[in-house]
Amino acid sequence: MTAIPQSGMRDFFVCDLFDASPKADLGSMEHPMFSLSTRPDRTIRSYVRGDVEVTVTPSVRGRATIHDKDILIYCISQLMAAVNAGRTISRKLTLTAHDLLVAVRRDTGGDSYTRLREAFERLAGTRITTNIVTGDEETTSGFGLIEAWEIVRKTRGGRMVSVTVTLSEWLFRAVTAKSVLTLSRDYFSLRKPLERRVYEIARKHCGNQREWRVTVGTLHEKAGSDAPVRVFRAAVRKMIAADNLPDYTLVEDDGDVIRFSRKRLVEDVPGLPAFSTDTLDQARNMAPGFDVYALEAEWRAFWVTAGRQKLTNPDKAFLGWLRGRVKR
């Protein structure tokens, strides 16, 4: 039996929250810590942006990949959902491998568990040295993306069932300081590493704004791509043509500039702020198959025609209306 510290707080947290909104820490969304390569990347990388310096040192197994990051997203999502529910959290988490795979839209066949173990090894082996501020503290420190992991139980066939993961103090501090952003659930449907990375950048910098512009050179640097700029530019153009990113559209402007815009952004209505990404995610879960932006526009029109009643919580009012709407 696991001992309970004298403070009465458990020294571990059980990941048992279903439908937790996916969230990522701001630090790794801003800086290219994860590899976009499908081959083992064993090169030491250093990035400088303003006053922030980041050095990423991979292990012999290679740098953690953008797909390995799914594990961290799952852990952060569980912890933030618990914080919002008033539960006590810890940087040591116990999770069910199957639940993790389902949450991040991975196959649950035998090979998936092998790949999951390899991901844990890369995350633990990749070392970050940085002075990124998390919360109100700025420290220069070195740490693994996860401090430790352990398979607690296996099936007779060798599949992992229960796993414990200990997050780094740096990452846990980001959670407790709420230095995180909600991602679209469709993020996990993006299979190309560059698409995932560009979506992260869009979510971090464009957010709920109408649009955000960045030069191709700066985007190339932020993405952490190893491709020459001309090859990167061609890849971004393909991304523009495919238009697969959740919530954002990319357009190439004059001056080698890429413009990010919110998809189907609803026109501003006085008295109604933009809904949070959490609210839109809840709406997608409540109304699968519906166009969430069309529903948002419909509700805003309903609110206007109903007399623009003053709302203390527009997000809650929208979700309440939606419950009745989907039952029609």
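Rules of the game
Residues numbered from 1 in each chain as written. Predicted model: local features only at pLDDT ≥ 70, side-chain atom pairs only at ≥ 80, totals over all residues. Heavy atoms only, no water. Buried < 20%, exposed > 50% of the residue type's maximum accessible area, 1.4 Å probe, protein only. Helix = DSSP H or I, 4+ residues; strand = E, 2+ residues; numbered from the N terminus. Pairing = 2+ DSSP bridges. Polar contact = N/O pair within 3.5 Å; in protein donor to acceptor, adjacent residues only side chain to side chain. Contact = heavy atoms within 4.5 Å. Axes fitted to C-alpha atoms, helices over the stretch in contact; angles between N-to-C directions. Salt bridge = Lys/Arg side-chain N within 4 Å of Asp/Glu carboxyl O. 1 Å grid on protein atoms, 1.4 Å probe; cavity = no way out; pocket = protein on both sides within 12 Å on 5 of 7 lines; lining within 4 Å. Points joined across faces, edges and corners; volume = space filled by probe spheres on them. Nonpolar A, V, L, I, M, F, W, Y, C, P; charged D, E, K, R; others polar. Core = buried A, V, L, I, M, F, W, Y, C linked by side-chain atoms within 4.5 Å.

Within helix H5 (residues 169–176), burial applies to Trp170, Leu171, Phe172, Ala174 and Val175. Lysine 178 occupies a position one or two residues after H5 and carries a positive phi of about 60 degrees.

With six of six residues buried, strand S15 (residues 257–262) is to be regarded as a mostly interior element. Both faces of S15 are covered, namely the face carrying Val257, Arg259 and Ser261 and the face carrying Ile258, Phe260 and Arg262. Bridge count for strand S13 (residues 211–215) against S15 is five bridges, and the pairing is antiparallel. Paired with threonine 215 across the bridge in S15 is valine 257.

Attention now moves to the side chain of threonine 182. One can find threonine 182 in strand S12 (residues 180–182). At 2.5 Å, the side chain of threonine 182 forms a polar contact with the side chain of lysine 23. Threonine 182 has contacts with Ser21, Pro22, Lys23, Arg203, Thr277, Asp278 and Asp281, leaving out every residue within four places of it along the chain.

Turning to the sheet that holds strand S14 (residues 248–253), a few remarks are in order. Read across the open sheet, the three strands follow the order S13-S15-S14; overall the sheet is antiparallel. Of all the strands in the sheet, just S13 and S14 have a single pairing partner and so form its edges. The sheet shows a mean angle of 25 degrees between the axes of neighbouring strands, direction not considered.

Our focus in this paragraph is the pattern of salt bridges. Evaluation of the coordinates by the stated rule reveals 28 salt bridges. Between arginine 91 and glutamate 147 there is a salt bridge, with the nearest N and O atoms lying 2.9 Å from each other. You can see arginine 91 sitting in the loop between helix H2 (69–84) and strand S5 (92–96) and its partner glutamate 147 sitting in strand S10 (residues 146–154), a full 56 residues away along the chain. The exposure class assigned to arginine 91 is buried, which follows from its relative accessible area of 18%. Several salt bridges share partner residues, and in doing so they unite Asp41, Arg45, Arg63 and Asp226 into one network.

By rolling a water-sized probe across the atoms, one finds the places where empty space is left. Considering all chains together, one arrives at three cavities of 30 Å³ or more under this definition. Around the largest cavity, the lining residues are Glu30, His31, Pro32, Tyr47, Val48, Arg49, Glu221 and Lys222. The element that contributes the greatest number of residues to the lining of the largest cavity is strand S3 (residues 45–49), accounting for three residues. Class assignment of the residues belonging to the lining of the largest cavity gives a composition of three nonpolar, one polar and four charged.

A word on the sheet that holds S10. One open sheet accounts for four strands, arranged S1-S5-S11-S10; its pairing is mixed. Each having just a single partner strand, strand S1 (13–14) and S10 make up the two edges of the open sheet. Here S1 pairs with S5 via two bridges, running parallel. Residue phenylalanine 13 lies in a different strand from S5, and its bridge partner there is leucine 93. Along the sheet face, helix H4 (residues 110–125) touches S10 and strand S11 (160–167) and points at about 155 degrees away from the line of S10.

Leu167 and Phe260 are the most contacted members of the largest nonpolar core, which totals 70 residues. If we skip the residues at most four places from it in the chain, phenylalanine 260 touches Val198, Ala202, Cys206, Arg210, Glu211, Trp212, Val214, Leu219, Thr249 and Leu250.

All right, on to the environment of isoleucine 73 then. Relative to the helices and strands, isoleucine 73 resides in helix H2. Isoleucine 73 gets classed as buried once you look at its relative accessible area, which sits at 0%. Isoleucine 73 sits 218 residues away from aspartate 291 along the chain, and the two C-alpha atoms are 25 Å apart. Non-local contacts of isoleucine 73, meaning those with residues more than four positions away in its chain, are made with Pro22, Lys23, Ala24, Leu183, Tyr187 and Phe188.

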